[in-house]
Structure formats: C-alpha cells, structure tokens
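Coordinates in review
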Amino acid sequence: MSEPSVLPIEESEKHLLRNLMQAYRHDMSEFDRSNPDESGLFDVGNYFDVYWTEPARRPFKVLVGDVLAGFALVRELSPQTYFIAEFFILHRHRRYGVGRAVAFALFDRFPGTWHVSQAENNVPCQRFWRTVIAEYSEGAYDETWSESQPRGPKQVFVCGGG
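Let me sum up the structure you'll find in this document. (Residues numbered from 1 in each chain as written. Predicted model: local features only at pLDDT ≥ 70, side-chain atom pairs only at ≥ 80, totals over all residues. Heavy atoms only, no water.)

Counted by the stated rule, this structure contains 11 salt bridges. With a closest N to O distance of 2.9 Å, glutamate 54 and arginine 57 form a salt bridge. Its salt-bridge partner being arginine 58, residue glutamate 76 comes within 3.4 Å of it at the nearest N-O pair. In this pair, glutamate 76 sits in strand β3 (residues 67–78) while arginine 58 sits in strand β2 (residues 57–64), placing the two residues 18 residues apart along the sequence. Through salt bridges that share partners, Glu11, Lys14, Arg18 and Asp49 make up one connected network. (Salt bridge = Lys/Arg side-chain N within 4 Å of Asp/Glu carboxyl O. Helix = DSSP H or I, 4+ residues; strand = E, 2+ residues; numbered from the N terminus.)

Okay, the environment of tyrosine 82 next. With respect to the helices, strands and loops of the structure, tyrosine 82 is situated in strand β4 (residues 81–89). Given the relative accessible area of 7%, tyrosine 82 is considered buried. The spacing of tyrosine 82 and arginine 57 is 25 residues in sequence and 9.6 Å in space, taken between C-alpha atoms. (Buried < 20%, exposed > 50% of the residue type's maximum accessible area, 1.4 Å probe, protein only.)

Here the focus is the packing of aromatic side chains. Aromatic ring pairs are defined here through the distance separating the ring centres and the angle between the ring planes. Per the stated rule, a full pass over the model turns up 17 aromatic pairs. Note on phenylalanine 48 and tryptophan 52: the rings are 5.4 Å apart at their centroids and 55° apart in plane angle, and the pair reads as tilted. In this structure phenylalanine 48 comes out as buried when scored by relative accessible area, which is 3%. You can call tryptophan 52 buried: its relative accessible area is 16%. The cationic tip of arginine 18 hangs over the ring face of phenylalanine 48; the distance from NZ or CZ to the ring centre is 4.1 Å. Directly above the ring of tyrosine 51 sits arginine 57, whose terminal nitrogen or CZ lies 5.4 Å from the centroid. (Phe/Tyr/Trp six-rings, centres within 6.5 Å; stacked < 30°, edge-to-face > 60°. Lys NZ or Arg CZ within 6 Å of the ring centre and 35° of its normal.)

The biggest cluster of nonpolar side chains holds 26 residues, and the ones touching the most others in it are Leu106, Phe107, Trp114 and Trp129. Listed by contribution, the elements that provide at least two residues to this core are β2, β3, β4, α2 (98–109), β5 (112–117), α3 (123–137) and β7 (152–159). By residue number, the principal contributor to this core is α2, which donates six residues. (Core = buried A, V, L, I, M, F, W, Y, C linked by side-chain atoms within 4.5 Å.)

Turning to the side chain of glutamate 86, a few remarks are in order. Secondary-structure assignment places glutamate 86 in strand β4. The side chain of glutamate 86 is buried and forms no salt bridge, while arginine 25, the nearest opposite charge, is found at 6.6 Å. (Lys, Arg positive; Asp, Glu negative; His and termini not counted.)

Axes are the key here: two packed helices are described by the angle between their axes and the distance separating the axes. Two elements in contact, α2 and α3, have axes whose closest approach is 10 Å; the angle formed by their N-to-C orientations is 50°. The pairing of α2 with α3 is recorded here as oblique in orientation. Pair α2 / α3 crosses with right-handed handedness. On α3, the residues that touch Gly99, Arg100, Ala103, Phe104, Phe107 and Asp108 of α2 are Phe128, Trp129, Val132, Ile133, Glu135 and Tyr136. Grouping the amino acids of the contact of α2 with α3 by side-chain chemistry returns eight nonpolar, one polar and three charged. (Axes fitted to C-alpha atoms, helices over the stretch in contact; angles between N-to-C directions. Parallel < 35°, antiparallel > 145°, perpendicular 65-115°, else oblique. Left-handed = near helix turned anticlockwise from the far one by under 90°. Contact = heavy atoms within 4.5 Å. Nonpolar A, V, L, I, M, F, W, Y, C, P; charged D, E, K, R; others polar.)

This paragraph deals with the environment of threonine 144. With respect to the helices and strands, the residue threonine 144 is situated in strand β6 (residues 142–146). The class of threonine 144 is partly exposed, set by a relative accessible area of 42%. Taking the C-alpha atoms as reference points, threonine 144 and isoleucine 89, separated by 55 residues in sequence, lie 25 Å from one another. Residues in contact with threonine 144, not counting those within four places in the same chain, are Gly152, Pro153 and Lys154.

Structure below.
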C-alpha cells in the first residue's frame, strides 16, 4: 500500500467531505446512538460549511494512491494550538498504518500544542490515539478528562514539526 497523501479539501470539493461524513457518522452511531433521518442521511452538524469560511478550520482529504481513503478536520484553537475535530479512515484502509501516517503528517504540518479527544465509550478510537500519540511524542503527553464535546479522554502534547 502506498504512503497516504493529506491534501486540503477545496470548497469546490465540499461534496467529498459531505459524502464521507455519511460513512463516518454511520461508524460513530455505534457509540453516540444516532440514527439517520427519514431520507436515510445522518446529520453532518451545523459546523460543516464553516470549514471553508473560518480560517482556523482546515479540512483535509486522505488519498492512498489516487483512492479517497478518509478525511481529517483540524481546528486551530489559538495560535499554534490545534485540535483534531474529526478523523476518519475508511475500513478498507485501516490496520495498514494509514491513520498513523495521516496523524503524523498533521502533527508535522502544524507544530505546536495538540489536543486530541475521544468519546468516553469509543474504546477503539481511544486505543488508536493513545498508541499514535505515545509513539509520535515518545511518551511525552498528558491525558486528562474532557467534559466538552466529545466527553472523554483527551491527550495534550507539544510537537516541533517534522
């Protein structure tokens, strides 16, 4: 499998993210107990369009070769303080190091302090992020409990970029 690419999603490609959000929201429904609406679509939230109007929000697509494999939404909370708002790799590309490579690429792209939170009942997500962050930061991270969205464990660490 080729190394994944992490590329900005241009406003003209907004449909890619909207479509991938359906697969993501389906996966998350196992943990947040959400259901699709009467037309079979999951709500993508009222924050969707702001990724192309607010400079502190950055949408990225993940490609493996030329195949769309997922997305990541990054927010800059304050200068050089970043947050993974959403992160999704299609099942077909999991367990091959794609998510790890994407996370590392984002951390390298935005040096500073990172906050990564997981829902309290999403144990697979917690396992993934703890492993990736421990490797990237060489164990130099703090874990606390976040009462904000998502409610659950939150890792905080500082990186200098690649």
